[in-house]
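Examination of the molecular architecture
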Amino acid sequence: MDARPSGYFLGVTADVRIEEARVRSEELIEAVGRLVAQLSPSAPTPTAAELQTVVESSATRLLVALDAGGAIAGMLTLAIYRIPTDTCAWIEDVVVDEQARGRGIGEQLIRAALRIADQEGVRVVDLTSRSARHAANRLYRLLGFKPRETNIYRFELSSRGCPRSRRNFDWRSSRLV
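Residues numbered from 1 in each chain as written. Predicted model: local features only at pLDDT ≥ 70, side-chain atom pairs only at ≥ 80, totals over all residues. Heavy atoms only, no water.

**Some details on the packing of aromatic side chains**
Inspection of the entire model under this criterion finds 1 aromatic pair. Note on tyrosine 140 and phenylalanine 145: the rings are 6.0 Å apart at their centroids and 65° apart in plane angle, and the pair reads as edge-to-face. Residue tyrosine 140 is classed as buried on the basis of its relative accessible area, which comes to 8%. According to the relative accessible area criterion, phenylalanine 145 is buried, its value standing at 16%. (Phe/Tyr/Trp six-rings, centres within 6.5 Å; stacked < 30°, edge-to-face > 60°. Buried < 20%, exposed > 50% of the residue type's maximum accessible area, 1.4 Å probe, protein only.)

Here it is in structure tokens:
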């Protein structure tokens, strides 16, 4: 069981507080759904059970930005995992509500994630961002992220939220059929 308390405090400015979401609530479910839709309109909204899995997992940290009124104004997910050669971290689903952008919330979320990763002994934190997200890419560079010379590949095992492929992978024969 994780010893971190509910609402684990990570940082604050005059009008924004960054916390780690540790308990699924109706407010969290609604806010994540709203923010995911702003991040990627084609992405499926996570179910309550899926969100519960995220907040209960020892490998993921769901960070939320709370405005002065306590409403969730942004979020990101930090995944920390061990491989034989290192402890790694990946930042995913960084999004600030359209009505709250331009107030430094994204920066505060990223800085909080980097503090956690550092405390967990992570050496390198990766993230991806579509090239069309100019403000986000500018922020990542200002915070010290550097583009990597690498290829990112994706193999879709499920059609959930994605257009159905005309071909499926047959695990028995190790072939696309």
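**Digging into the confidence of the model for the chain**
Predicted confidence across the chain gives a mean pLDDT of 86, with 81% of residues reaching 70 or more. When the criterion is pLDDT under 50, residues 1-9 qualifies, and its contacts beyond four places in sequence or with other chains add up to 18 contacts. (pLDDT = per-residue confidence, 0-100. Contact = heavy atoms within 4.5 Å.)

**Comments concerning the layout of surface pockets**
Empty space within the largest pocket amounts to approximately 1,900 Å³. Along its surface, the largest pocket is lined by 50 residues, and Leu39, Ser40, Glu92, Asp93 and Val94 are the ones closest to its centre. Contributing elements (two or more residues each) for the lining of the largest pocket: helix H1 (26-39), helix H2 (48-56), strand S4 (72-83), strand S5 (86-96), helix H3 (105-119) and helix H4 (134-142). Of the pockets and cavities examined, the second largest pocket occupies roughly 460 Å³. Forming the boundary of the second largest pocket are 17 residues, of which Leu127, Thr128, Lys146, Pro147 and Arg148 lie nearest the centre. When contributions to the lining of the second largest pocket are tallied by element, the ones reaching two or more residues are strand S6 (124-127) and H4. Element by element, the count of residues in the lining of the second largest pocket is highest for S6, at 4 residues. A per-class count over the lining of the second largest pocket returns 8 nonpolar, 5 polar and 4 charged. (1 Å grid on protein atoms, 1.4 Å probe; cavity = no way out; pocket = protein on both sides within 12 Å on 5 of 7 lines; lining within 4 Å. Points joined across faces, edges and corners; volume = space filled by probe spheres on them. Helix = DSSP H or I, 4+ residues; strand = E, 2+ residues; numbered from the N terminus. Nonpolar A, V, L, I, M, F, W, Y, C, P; charged D, E, K, R; others polar.)

**Section: the nonpolar core**
Counting residues in hydrophobic clusters, the biggest one holds 27 residues, and the most contacted among them are Leu76, Ile91 and Ile110. Listing elements by their share of this core, those giving two or more residues are strand S2 (16-21), strand S3 (60-67), S4, S5, H3, S6 and H4. Tallying contributions element by element places H3 first for this core, with 7 residues. Beyond its immediate stretch of four places on either side in the chain, isoleucine 91 contacts Leu76, Thr77, Leu78, Ile110, Ala113, Val125, Asp126, Leu127 and Phe145. Core analysis: the second largest hydrophobic core is formed by 16 residues, Val36, Leu66, Met75 and Val95 among them. (Core = buried A, V, L, I, M, F, W, Y, C linked by side-chain atoms within 4.5 Å.)

**Focus on H1**
Taking 1.5 Å of rise per residue, 14 residues should cover 20 Å, and H1 covers 20 Å from first to last C-alpha, within 8% of that figure. Those residues of H1 hidden inside the fold are in contact with S2, H2, S3, S4 and S5. (Expected span 1.5 Å × (residues − 1).)

**Let's talk about the pairing of S3**
With 7 of its 8 residues buried, S3 lies for the most part within the structure. Note: S2 against S3, 6 bridges, orientation antiparallel. Opposite isoleucine 18, over in S3, you have alanine 65 as the bridge partner. For S3 and S4, the ladder comprises 7 bridges, and the chain directions are antiparallel. Across the sheet, the residue bridging to alanine 65 is glycine 74, located in S4. (Pairing = 2+ DSSP bridges.)

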